[in-house]
Amino acid sequence: MPSLKDLKNRIASVKSTRKITAAMKMVAASKLRRAQEHAEAARPYATRMARMLDTLAGNLVVSESTPRLIAGTGKQDTILLVVVTSDRGLCGAFNGSIVREARRQIRQLELDGKQVKLLCVGRKGRDLLRRDYADKIIRAVDDVTNRRVAFSSADDLATTLVAMFDAGQFDVAHLVYNRFKSVISQVVTVKQIVPVKPAAMQDSAPAVAPEFEPDEESILAQILPRNLAIQIYTALLESAAGEQGARMSAMDNATRNAGDMINKLTLNYNRSRQAYITKELIEIISGAEAV
Amino acid sequence: MKKFSLELVSPEKLLLNKDVTMVTVPGSEGDYGVMAGHTPIITTLRPGVIEVYEADDHTVSDHFFVAGGFAEVTNERCTLLAEDAVPVAKLDRAQLSDEAKALRDDLADPAFGGRADSEAKLVIVQAKLEALGA
């Protein structure tokens, strides 16, 4: 049975925790708004890039000289998973669900006899995956999603990926990230980024084939790394927005739970106090009776 | 004059989306002008200035500097995917000269490591200066 003093201390500490979680919730809410704006602003470029790529791919005849980023290596032996998580915790199941999906993918791919490599973006994912798959992590990048996501960091990642691809370190790359659906829901998404899979690849070519300047292949050679960078950039932005959303709802829950806890503790405290007073009274009365 | 829709986007945001009469684009194999009904073409861009002619085909209404990117022209629109696009009015000559000087100093040093990177940057800075001179 905790003493009155203990209960009082508990209540005080839960109260200050509640203050912290309430403040974190508000910080996350304002960061979320900014992150959403950034994600929104990047969308026009991404959709237009996709459209242009569709036009290019729709007219493409795969040949020897077709860039391998779109044609693939012809193999599917080594799979690279790019796992995007946050750098900081206290955001509910945000990182946990990504890591769970990554583990599932790794197990599945290994059952199929493929070799799996991991590239971790974000400190949390790296820390969680290092326990079981330390040997598979070939690179870890962090401090990307903390502040405003810069396009240059996505570009750097894309350059690294292209260099690794050209060096034959992997055949297929998948991006595992949280897609921002709404403030309370982030959807774990797995997307193939290398080789590129344009939506319109199977469709018939557009009515008028455009001219190319310089030729189609050199344009593709330039646009494909660019496209990769923008895909990563969008994923990073979505993930950053999702992180703030997840943190906001986690902190909202925490604040509410702390309130419940304070109510329970206060009730407990009052009860013990009452019991204590009653006990003292009985002692006094029975003492007086004995005299 | 017949107009067509022009979109200028950079990875960070949509800079321009309106109907214009003509636009000149710095293609990697030479500048070219686009008017409504241009034949479909896809090109890469070199560092240079995009000139937008909004109302008619002889008054420039906007200048934008682009460091590179892609242009897609179809019958009804022109899409410019630019890297690092800025309005020419926002370029600062003094700051750019300093940058160019710093880069040249770096390149003059034979032990300097990031040579290819700096050379690419220098080309862009010089193109920016040229854009201001024009």
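Residues numbered from 1 in each chain as written. Chains lettered and ligands numbered in written order. Predicted model: local features only at pLDDT ≥ 70, side-chain atom pairs only at ≥ 80, totals over all residues. Heavy atoms only, no water.

Focus on the domain arrangement of chain B
All names here are of chain B.
And step 1. Looking at chain B, the domain boundaries give domain 1 (4-88) and domain 2 (91-133).
And step 2. Placing the centre of domain 1 and that of domain 2 at their C-alpha centroids yields a distance of 25 Å.
And step 3. Across the domain 1/domain 2 interface, buried area totals approximately 580 Å², and carbon plus sulfur atoms make up 77% of it.
And step 4. On the domain 1 side of the interface with domain 2, the three residues burying the most area are P47, F65 and V88, jointly 67% of the side's total.
And step 5. Put simply, K128 and D84 hold a salt bridge, and the shortest N to O gap is 3.8 Å.
And step 6. The interface formed by domain 1 and domain 2 holds one residue pair in polar contact (both at pLDDT 80 or more) in total.
And step 7. By residue class, the composition of the side of domain 1 that touches domain 2 is seven nonpolar, no polar and one charged. (Domains from an automatic or database assignment. Buried area = accessible area lost by both parts, 1.4 Å probe. Salt bridge = Lys/Arg side-chain N within 4 Å of Asp/Glu carboxyl O. Polar contact = N/O pair within 3.5 Å; in protein donor to acceptor, adjacent residues only side chain to side chain. Nonpolar A, V, L, I, M, F, W, Y, C, P; charged D, E, K, R; others polar.)

Some remarks on the pairing of strand β5 (residues 185-194) of chain A
In summary, the side chains of a regular strand alternate between the two faces of the sheet.
Residue and element names in this part refer to chain A.
And step 1. Strand direction decides the pairing type here: strand β4 (residues 172-182) and β5, joined by nine bridges, are antiparallel. In the strand pairing of β5, N178 is matched with V188.
And step 2. The turn linking β4 back onto β5 is made up of two residues. (Pairing = 2+ DSSP bridges. Helix = DSSP H or I, 4+ residues; strand = E, 2+ residues; numbered from the N terminus.)

Topic: the nonpolar core
And step 1. Ranked by size, the top nonpolar core spans 51 residues in total, and within it L161(A), I223(A) and L236(A) carry the most contacts.
And step 2. When residues of this core are traced back to their parent elements, those giving at least two are α1 (4-58), α2 (68-71), β1 (78-84), β2 (115-121), α5 (151-166), β4, β5 and α6 (216-290) of chain A.
And step 3. Element by element, the count of residues in this core is highest for α6(A), at 13 residues.
And step 4. Ignoring any residue separated from it by four or fewer positions in sequence, one finds I223(A) in contact with M49(A), M52(A), L53(A), L56(A) and F70(B). (Core = buried A, V, L, I, M, F, W, Y, C linked by side-chain atoms within 4.5 Å. Buried < 20%, exposed > 50% of the residue type's maximum accessible area, 1.4 Å probe, protein only. Contact = heavy atoms within 4.5 Å.)

Focus: the sheet that holds strand β3 (residues 137-141) of chain A
Strands in a sheet are paired, the pairing made by backbone hydrogen bonds, and the direction either parallel or antiparallel.
All names here are of chain A.
And step 1. The five strands lie next to each other as β3-β2-β1-β4-β5, forming an open sheet whose pairing is mixed. Unpaired on one side and paired on the other, β3 and β5 mark the two borders of the sheet. Neighbour to neighbour, the strand axes of the sheet diverge by 20 degrees on average, direction disregarded.
And step 2. Looking at chain direction, β1 and β4 are connected through five bridges and run parallel. Bridge pairing in β4 links L81 to H174.
And step 3. Where helix α3 (residues 94-111) meets the sheet, it contacts β1, β2, β4 and β5, and its direction lies at approximately 175 degrees from that of β1. (Axes fitted to C-alpha atoms, helices over the stretch in contact; angles between N-to-C directions.)

Here we look at the pattern of salt bridges
And step 1. Per the stated rule, a full pass over the model turns up 20 salt bridges over all chains.
And step 2. Across the pair D31(B) and R46(B) runs a salt bridge, and its minimum N-O distance is 2.3 Å. You can see D31(B) sitting in strand β4 (residues 30-35) and its partner R46(B) sitting in the loop between β5 (41-45) and β6 (48-53), a full 15 residues away along the chain.
And step 3. The exposed category is assigned to D31(B), whose relative accessible area is 52%.
And step 4. Because the salt bridges share partners, they merge into one network encompassing R123(A), R126(A), D127(A), R130(A) and D142(A).

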